[in-house]
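Architecture and fold: a report
Listed below, chain by chain, are the residues.
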Amino acid sequence: MSRRIRIAVLASGRGSDLQAIMDACDRGDIPGAVVVVASDNPKAGALERARRAGIPVIVLAVRSFPKREQFEARLLEALQSYQPDLVCLAGFMRILSPAFVQHFVGRMMNIHPALLPAFGGVGMYGEHVHRAVLDRGVRVSGCTVHFVDDVPDGGPIILQAAVPVGDDDTISSLAEKIADHEHRLYPEAIRLFAEGRLRREGRRVRILPSPETHPSNPLDALESVGVSHED
Ligand code: GRF
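The following refers to the structure shown. (Residues numbered from 1 in each chain as written. Predicted model: local features only at pLDDT ≥ 70, side-chain atom pairs only at ≥ 80, totals over all residues. Heavy atoms only, no water.)

**Re the pattern of salt bridges**
Applying the stated criterion across every chain yields a total of 11 salt bridges. The partner of R27 in a salt bridge is D29, and the shortest N-O contact between them spans 2.9 Å. Judged by its relative accessible area of 38%, D29 falls in the partly exposed class. With a closest N to O distance of 2.9 Å, E201 and R206 form a salt bridge. Relative accessible area serves as the criterion here: at 31%, E201 is assigned to the partly exposed category. Look at the salt bridges and you will find they share partners, linking E188, R191, E195 and R197 into a network. (Salt bridge = Lys/Arg side-chain N within 4 Å of Asp/Glu carboxyl O. Buried < 20%, exposed > 50% of the residue type's maximum accessible area, 1.4 Å probe, protein only.)

**As for the nonpolar core**
With 42 residues, the main nonpolar core has V9, V34, M109, I158, Y186 and I190 as its most contacted residues. Counting residues in hydrophobic clusters, the runner-up holds 21 residues, among them A38, F71, L76 and F104. (Core = buried A, V, L, I, M, F, W, Y, C linked by side-chain atoms within 4.5 Å.)

**A closer look at the packing of aromatic side chains**
Under the counting rule described, the total for this entry stands at two aromatic pairs. Seen in terms of ring centroids, F65 and F71 are 6.0 Å apart; in terms of plane orientation they differ by 80°. Their pairing is edge-to-face. Overall, the relative accessible area of 10% leaves F65 in the buried class. Seen from their ring centres, F100 and F104 are 5.7 Å apart, and the 45° between their planes marks the pair as tilted. For the pair formed by F100 and F104, the shared burial category is buried. The side chain of R94 reaches across the aromatic face of F71, ending 4.2 Å from its centre. A cation over a ring is seen here: R200 above F147, with NZ or CZ 5.5 Å from the ring centre. (Phe/Tyr/Trp six-rings, centres within 6.5 Å; stacked < 30°, edge-to-face > 60°. Lys NZ or Arg CZ within 6 Å of the ring centre and 35° of its normal.)

**Some words on the sheet that holds strand β6 (residues 140–147)**
The strand order β3-β2-β1-β4-β5-β6-β7 describes an open sheet built from seven strands, whose pairing is mixed. The sheet is open, and its two edges are formed by β3 (57–59) and β7 (157–164), each paired on a single side. Here the strands of the sheet are splayed against their neighbours by 20° on average, with no regard to which way each runs. Both strand β2 (residues 32–39) and β3 contribute to a ladder of three bridges, which runs parallel. Directly across from S39, in β3, lies its bridge partner V59. Along the sheet face, helix α2 (residues 45–52) touches β2 and β3 and points at about 150° away from the line of β3. Across the face of the sheet, helix α3 (residues 68–80) comes into contact with β1 (5–10), β2 and β3 while running at roughly 155° to β1. (Pairing = 2+ DSSP bridges. Helix = DSSP H or I, 4+ residues; strand = E, 2+ residues; numbered from the N terminus. Axes fitted to C-alpha atoms, helices over the stretch in contact; angles between N-to-C directions. Contact = heavy atoms within 4.5 Å.)

Have a look at this one:
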């Protein structure tokens, strides 16, 4: 994929991951642009950040949609009108149904503030994650970017970053350290996707080499257009 990709971001909170993605697009680190930001929380800081950047927003307040199917139907319709190549969950607080996820297989990502599969799944979000990490006394936490599938936090892992847990770490100090890594890791994963370098192989994701660091063999190029180079 060499063209610029269209990215939709779903966020419910302050939107620091969204900001990192928008900044990476502006710098040209990601060959693409955030074309829409959707939220279930009208007060989300993420919406403010999007508006400031002139990016269209979709706001679907939870209480207007008592049934999940209604919420998801509206969200799907609104998202599809922007024709996203990639949908990024960035602190989106609603678990999306398998039926919804089905529309974006291989092109929906999430970031989680721990090293999955540890400290993930239903109920593991925000402070709950860091509290559980500290309670368990693990020495290393971090963050994970993964493709989204039917199992919450269970999709194929794309990238991870490790963050040491210090004896004096608190929920907020750990959250802050991990957030710094998230702001680097998420744009990196999106860049790899945009460059067509993520290949899903079952539960694993293979990262293909960059064509710049591994120039393709000119003979392979001939083969690909049907010219034999054997004689
Ligand atoms: C991050 O910790 C991310 O790992 C989790 O939600 C949080 C979003 O933070 N999925 P922000 O709203 O982007 O600042």
